[in-house]
Amino acid sequence: IVFSYEEKGGKASTLYEIKDHKDAITGVSFHIVSPLVVVGSRSGHYTLHDYEQGKTIGHHDVAKAQISTLRIHPDAQFVALAQSNGIVKLWNITANEIIGEIDATAGGSIKQISFSENGYHFATLGEKDHKARIWDLRYLTAITTVHEDKSDFKAHAITYDPSGRYFAVGGPSLSLHHATNYENFTKFNIASPSGTNHISAVKFGGLGKSILVGTSEGSLNIYK
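Below: a short report on this structure. (Residues numbered from 1 in each chain as written. Predicted model: local features only at pLDDT ≥ 70, side-chain atom pairs only at ≥ 80, totals over all residues. Heavy atoms only, no water.)

Pairing between sheet strands relies on hydrogen bonds along the backbone, with the strands arranged either parallel or antiparallel. A sheet is described by the order of its strands in space; here 4 strands give the open sequence S3-S4-S5-S6, paired in antiparallel fashion. Both edges of this open sheet fall to strand S3 (25–30) and strand S6 (55–61), since each of them pairs with a single strand only. Strand-to-strand, the axes of this sheet are offset by a mean angle of 15°, without reference to chain direction. (Pairing = 2+ DSSP bridges. Helix = DSSP H or I, 4+ residues; strand = E, 2+ residues; numbered from the N terminus. Axes fitted to C-alpha atoms, helices over the stretch in contact; angles between N-to-C directions.)

Moving on, we come to the packing of aromatic side chains. To describe a pair of aromatic rings, you give the distance between the ring centres and the angle between the ring planes. In the structure shown here, the tally under the stated rule is 9 aromatic pairs. Between the aromatic rings of Tyr-166 and Phe-185, the centroid separation amounts to 5.5 Å while the plane-to-plane angle is 45°, which identifies the pairing as tilted. With a gap of 19 residues between them, Tyr-166 in strand S16 (residues 166–170) and Phe-185 in strand S18 (residues 184–189) connect regions that are remote in the sequence. Consider the rings of Phe-167 and Tyr-182, whose centres lie 5.8 Å apart with planes at 80°: the pair is edge-to-face. Of this pair, Phe-167 sits in strand S16 while Tyr-182 sits in the loop between strand S17 (173–178) and S18, and the two are 15 residues apart along the sequence. (Phe/Tyr/Trp six-rings, centres within 6.5 Å; stacked < 30°, edge-to-face > 60°.)

Here we come to a nonpolar patch on the surface. Judged by side-chain polarity, Ile-25, Val-28 and Phe-30 come together as a nonpolar surface patch covering roughly 260 Å² of accessible area. A relative accessible area of 45% places Ile-25 in the partly exposed class. (Patch = residues over 30% accessible without salt bridge, like charges linked within 9 Å, V, L, I, M, F, W, Y side chains within 5 Å. Areas by Shrake-Rupley, 256 points an atom, 1.4 Å probe, with all protein chains shown as cover. Salt bridge = Lys/Arg side-chain N within 4 Å of Asp/Glu carboxyl O. Buried < 20%, exposed > 50% of the residue type's maximum accessible area, 1.4 Å probe, protein only.)

With that out of the way, let us pick up unusual backbone geometry. One non-glycine residue with positive phi stands out, namely Ala-76, at about 65°. For Ala-76, the position within the fold is in the loop between strand S7 (67–72) and strand S8 (78–83). Here Asn-96, not a glycine, exhibits a phi torsion of approximately 55°, which is positive. Residue placement: Asn-96 occurs in the loop between strand S9 (87–92) and strand S10 (97–103). By relative accessible area, Asn-96 is classed as partly exposed at 42%.

Further remarks concern the pairing of strand S5 (residues 45–50). Counting buried residues along S5, 6 of its 6 residues qualify, which places the element largely inside the surrounding structure. Two strands pair when backbone bridges link them, and strand S4 (residues 36–41) and S5 are joined in this way by 5 bridges, in the antiparallel orientation. From the neighbouring strand, Gly-40 faces S5, where its bridge partner is Tyr-46. Linking S4 back to S5 in an antiparallel pair, the connection comprises 3 residues, with Gly-44 at a positive phi of about 90°. Two strands pair when backbone bridges link them, and S5 and S6 are joined in this way by 6 bridges, in the antiparallel orientation. Looking across to S6, one finds that Leu-48 is bridged to Gly-58. The turn joining S5 and S6, which pair antiparallel and follow one another in sequence, is formed by 4 residues; a positive phi near 70° is taken by Gly-54.

With that out of the way, let us pick up the side chain of Ser-41. With respect to the element layout, Ser-41 can be found in strand S4. A polar contact of 3.0 Å, which involves the side chain of Ser-41, links it to the side chain of His-21. Looking at Ser-41, its side chain comes within polar contact range of the side chain of Ser-43, at 2.9 Å. In this view, Ser-41 contacts His-21, Asp-23, Ala-24, Ile-25, Thr-26 and Ile-67; residues no more than four positions away in its chain are not counted. (Polar contact = N/O pair within 3.5 Å; in protein donor to acceptor, adjacent residues only side chain to side chain. Contact = heavy atoms within 4.5 Å.)

What follows is the structure in C-alpha coordinates.
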(Lines give C-alpha, C1' and ligand atoms only; values in the text may rest on other atoms or scores of the structure.)
Protein backbone atom coordinates (compact mmCIF):
# COMPACT_ATOMS: atom_id res chain seq x y z
CA ILE A 1 0.00 0.00 0.00
CA VAL A 2 1.32 3.45 -0.96
CA PHE A 3 0.33 6.16 1.51
CA SER A 4 0.12 9.91 0.96
CA TYR A 5 1.34 11.83 4.00
CA GLU A 6 0.32 15.38 4.85
CA GLU A 7 3.11 17.28 6.58
CA LYS A 8 0.66 19.59 8.30
CA GLY A 9 -1.47 17.65 10.73
CA GLY A 10 0.37 14.37 10.15
CA LYS A 11 -2.56 12.70 8.39
CA ALA A 12 -1.91 9.70 6.15
CA SER A 13 -4.28 8.35 3.51
CA THR A 14 -4.13 5.43 1.09
CA LEU A 15 -2.95 6.58 -2.34
CA TYR A 16 -2.62 3.27 -4.16
CA GLU A 17 -2.97 -0.39 -3.23
CA ILE A 18 -0.91 -3.00 -5.08
CA LYS A 19 -2.53 -6.43 -5.44
CA ASP A 20 -0.34 -8.06 -8.09
CA HIS A 21 1.62 -10.36 -5.77
CA LYS A 22 0.49 -13.68 -4.34
CA ASP A 23 3.52 -14.29 -2.11
CA ALA A 24 5.31 -12.32 0.61
CA ILE A 25 6.64 -8.90 -0.45
CA THR A 26 10.43 -8.85 -0.01
CA GLY A 27 11.42 -5.52 -1.55
CA VAL A 28 10.00 -2.05 -2.30
CA SER A 29 11.91 0.83 -3.90
CA PHE A 30 10.73 4.26 -5.09
CA HIS A 31 11.95 6.08 -8.20
CA ILE A 32 13.66 9.35 -7.19
CA VAL A 33 12.21 11.41 -10.08
CA SER A 34 9.00 9.83 -11.36
CA PRO A 35 5.98 8.57 -9.36
CA LEU A 36 7.10 4.98 -9.87
CA VAL A 37 7.59 2.15 -7.40
CA VAL A 38 9.10 -1.30 -7.95
CA VAL A 39 7.84 -4.18 -5.81
CA GLY A 40 9.39 -7.67 -5.58
CA SER A 41 8.14 -10.82 -3.89
CA ARG A 42 9.37 -14.21 -2.72
CA SER A 43 7.86 -15.86 -5.79
CA GLY A 44 10.42 -14.14 -8.04
CA HIS A 45 7.74 -11.80 -9.36
CA TYR A 46 8.50 -8.06 -9.62
CA THR A 47 6.23 -5.28 -10.81
CA LEU A 48 6.47 -1.62 -11.79
CA HIS A 49 3.69 0.80 -10.82
CA ASP A 50 2.68 4.41 -11.36
CA TYR A 51 1.21 5.21 -7.96
CA GLU A 52 -0.16 8.64 -8.97
CA GLN A 53 -2.19 7.21 -11.84
CA GLY A 54 -2.92 4.06 -9.85
CA LYS A 55 -1.88 1.54 -12.47
CA THR A 56 0.53 -1.32 -13.03
CA ILE A 57 3.00 -0.66 -15.83
CA GLY A 58 4.68 -4.05 -16.06
CA HIS A 59 4.93 -7.59 -14.68
CA HIS A 60 8.14 -9.60 -14.77
CA ASP A 61 9.66 -12.74 -13.27
CA VAL A 62 13.15 -13.85 -12.28
CA ALA A 63 13.39 -17.47 -13.38
CA LYS A 64 13.72 -20.12 -10.64
CA ALA A 65 14.77 -17.72 -7.87
CA GLN A 66 13.17 -15.75 -5.09
CA ILE A 67 13.73 -12.00 -4.85
CA SER A 68 15.30 -11.33 -1.47
CA THR A 69 15.50 -7.53 -1.81
CA LEU A 70 15.73 -4.83 -4.50
CA ARG A 71 16.82 -1.23 -4.98
CA ILE A 72 16.50 1.43 -7.69
CA HIS A 73 19.85 2.86 -8.86
CA PRO A 74 20.52 6.56 -8.05
CA ASP A 75 20.30 7.54 -11.73
CA ALA A 76 16.82 5.94 -11.75
CA GLN A 77 17.54 4.04 -14.98
CA PHE A 78 17.68 0.49 -13.63
CA VAL A 79 16.85 -1.72 -10.66
CA ALA A 80 19.10 -4.16 -8.81
CA LEU A 81 17.16 -7.36 -8.13
CA ALA A 82 18.89 -9.42 -5.43
CA GLN A 83 17.97 -13.11 -5.38
CA SER A 84 17.98 -15.88 -2.81
CA ASN A 85 20.60 -17.75 -4.87
CA GLY A 86 23.13 -14.91 -4.47
CA ILE A 87 22.76 -13.47 -7.97
CA VAL A 88 21.96 -9.77 -8.53
CA LYS A 89 20.25 -8.99 -11.83
CA LEU A 90 20.25 -5.44 -13.21
CA TRP A 91 16.96 -4.57 -14.89
CA ASN A 92 16.78 -1.53 -17.18
CA ILE A 93 13.40 0.15 -16.52
CA THR A 94 13.16 1.95 -19.88
CA ALA A 95 14.33 -0.89 -22.11
CA ASN A 96 12.51 -3.45 -19.96
CA GLU A 97 15.37 -5.94 -20.08
CA ILE A 98 18.12 -7.44 -17.93
CA ILE A 99 21.38 -5.65 -18.78
CA GLY A 100 23.82 -7.51 -16.52
CA GLU A 101 24.28 -9.51 -13.35
CA ILE A 102 26.60 -9.87 -10.37
CA ASP A 103 27.56 -13.24 -8.91
CA ALA A 104 27.62 -12.84 -5.12
CA THR A 105 26.87 -16.51 -4.41
CA ALA A 106 29.88 -16.84 -2.09
CA GLY A 107 27.86 -15.10 0.61
CA GLY A 108 24.66 -17.09 0.07
CA SER A 109 21.25 -15.46 -0.21
CA ILE A 110 21.54 -11.67 -0.39
CA LYS A 111 20.08 -10.03 2.70
CA GLN A 112 20.62 -6.34 1.90
CA ILE A 113 21.96 -4.16 -0.91
CA SER A 114 22.99 -0.51 -1.09
CA PHE A 115 24.20 1.90 -3.81
CA SER A 116 26.88 4.52 -3.28
CA GLU A 117 25.80 8.13 -3.81
CA ASN A 118 27.25 8.35 -7.34
CA GLY A 119 26.01 4.88 -8.25
CA TYR A 120 29.46 3.55 -9.20
CA HIS A 121 29.74 1.20 -6.23
CA PHE A 122 27.26 -1.34 -4.99
CA ALA A 123 27.29 -3.27 -1.70
CA THR A 124 25.80 -6.69 -0.97
CA LEU A 125 25.35 -8.43 2.37
CA GLY A 126 25.35 -12.23 2.38
CA GLU A 127 22.89 -14.15 4.56
CA LYS A 128 25.24 -17.13 4.92
CA ASP A 129 28.59 -15.55 5.82
CA HIS A 130 27.34 -12.11 7.05
CA LYS A 131 30.02 -10.29 5.04
CA ALA A 132 29.68 -7.00 3.14
CA ARG A 133 31.08 -7.09 -0.38
CA ILE A 134 31.69 -4.05 -2.61
CA TRP A 135 31.26 -4.17 -6.39
CA ASP A 136 32.10 -1.81 -9.25
CA LEU A 137 28.94 -1.53 -11.36
CA ARG A 138 30.81 -0.07 -14.33
CA TYR A 139 32.66 -3.36 -14.81
CA LEU A 140 30.45 -5.75 -12.77
CA THR A 141 33.50 -6.83 -10.77
CA ALA A 142 34.27 -7.25 -7.07
CA ILE A 143 36.36 -4.53 -5.41
CA THR A 144 36.75 -5.75 -1.86
CA THR A 145 35.20 -7.49 1.12
CA VAL A 146 34.78 -5.09 4.04
CA HIS A 147 36.87 -6.38 6.93
CA GLU A 148 36.21 -5.72 10.61
CA ASP A 149 38.67 -5.86 13.50
CA LYS A 150 37.24 -9.15 14.79
CA SER A 151 37.17 -12.31 12.69
CA ASP A 152 33.86 -13.41 14.25
CA PHE A 153 32.08 -10.11 13.39
CA LYS A 154 28.76 -10.91 11.71
CA ALA A 155 27.18 -8.08 9.72
CA HIS A 156 23.37 -7.77 9.71
CA ALA A 157 22.90 -4.31 8.10
CA ILE A 158 24.74 -2.12 5.58
CA THR A 159 24.24 1.31 4.00
CA TYR A 160 26.01 4.21 2.29
CA ASP A 161 25.45 7.74 3.54
CA PRO A 162 23.81 10.38 1.26
CA SER A 163 27.05 12.34 0.81
CA GLY A 164 28.93 9.34 -0.54
CA ARG A 165 31.70 9.66 2.04
CA TYR A 166 30.83 6.87 4.46
CA PHE A 167 29.79 3.25 4.52
CA ALA A 168 28.21 1.74 7.64
CA VAL A 169 28.19 -1.90 8.73
CA GLY A 170 25.97 -3.01 11.61
CA GLY A 171 26.60 -6.18 13.60
CA PRO A 172 27.36 -6.59 17.30
CA SER A 173 28.57 -2.98 16.98
CA LEU A 174 28.26 -0.17 14.44
CA SER A 175 31.34 0.19 12.26
CA LEU A 176 31.90 3.24 10.03
CA HIS A 177 34.21 3.12 7.00
CA HIS A 178 35.51 5.61 4.47
CA ALA A 179 33.71 4.96 1.17
CA THR A 180 36.91 5.56 -0.82
CA ASN A 181 39.06 2.75 0.60
CA TYR A 182 36.58 1.06 2.99
CA GLU A 183 38.93 1.36 5.95
CA ASN A 184 37.30 1.54 9.36
CA PHE A 185 37.68 4.85 11.21
CA THR A 186 35.29 4.59 14.17
CA LYS A 187 32.97 2.25 16.01
CA PHE A 188 29.92 2.55 18.28
CA ASN A 189 29.11 -0.23 20.73
CA ILE A 190 25.48 -1.02 21.55
CA ALA A 191 24.04 -2.16 24.87
CA SER A 192 23.34 -5.89 25.01
CA PRO A 193 21.75 -6.96 28.31
CA SER A 194 21.18 -10.47 26.93
CA GLY A 195 24.57 -10.70 25.27
CA THR A 196 22.97 -11.46 21.91
CA ASN A 197 21.77 -8.01 20.83
CA HIS A 198 22.92 -6.92 17.37
CA ILE A 199 22.16 -4.17 14.87
CA SER A 200 19.37 -5.20 12.51
CA ALA A 201 18.89 -1.93 10.58
CA VAL A 202 20.95 1.19 9.95
CA LYS A 203 20.12 4.45 8.13
CA PHE A 204 21.89 7.79 7.78
CA GLY A 205 19.98 11.00 8.45
CA GLY A 206 19.99 14.10 6.27
CA LEU A 207 23.42 15.10 4.90
CA GLY A 208 24.97 12.17 6.76
CA LYS A 209 25.14 14.14 10.01
CA SER A 210 23.30 11.53 12.06
CA ILE A 211 22.76 7.80 11.95
CA LEU A 212 19.80 5.74 13.16
CA VAL A 213 20.41 2.23 14.42
CA GLY A 214 17.73 -0.38 15.09
CA THR A 215 18.58 -3.47 17.13
CA SER A 216 17.35 -7.04 17.36
CA GLU A 217 16.09 -6.34 20.92
CA GLY A 218 13.76 -3.56 19.76
CA SER A 219 15.69 -0.40 20.60
CA LEU A 220 16.37 2.55 18.27
CA ASN A 221 19.55 4.55 18.86
CA ILE A 222 20.44 7.86 17.16
CA TYR A 223 24.06 8.95 16.88
CA LYS A 224 25.34 12.37 15.83
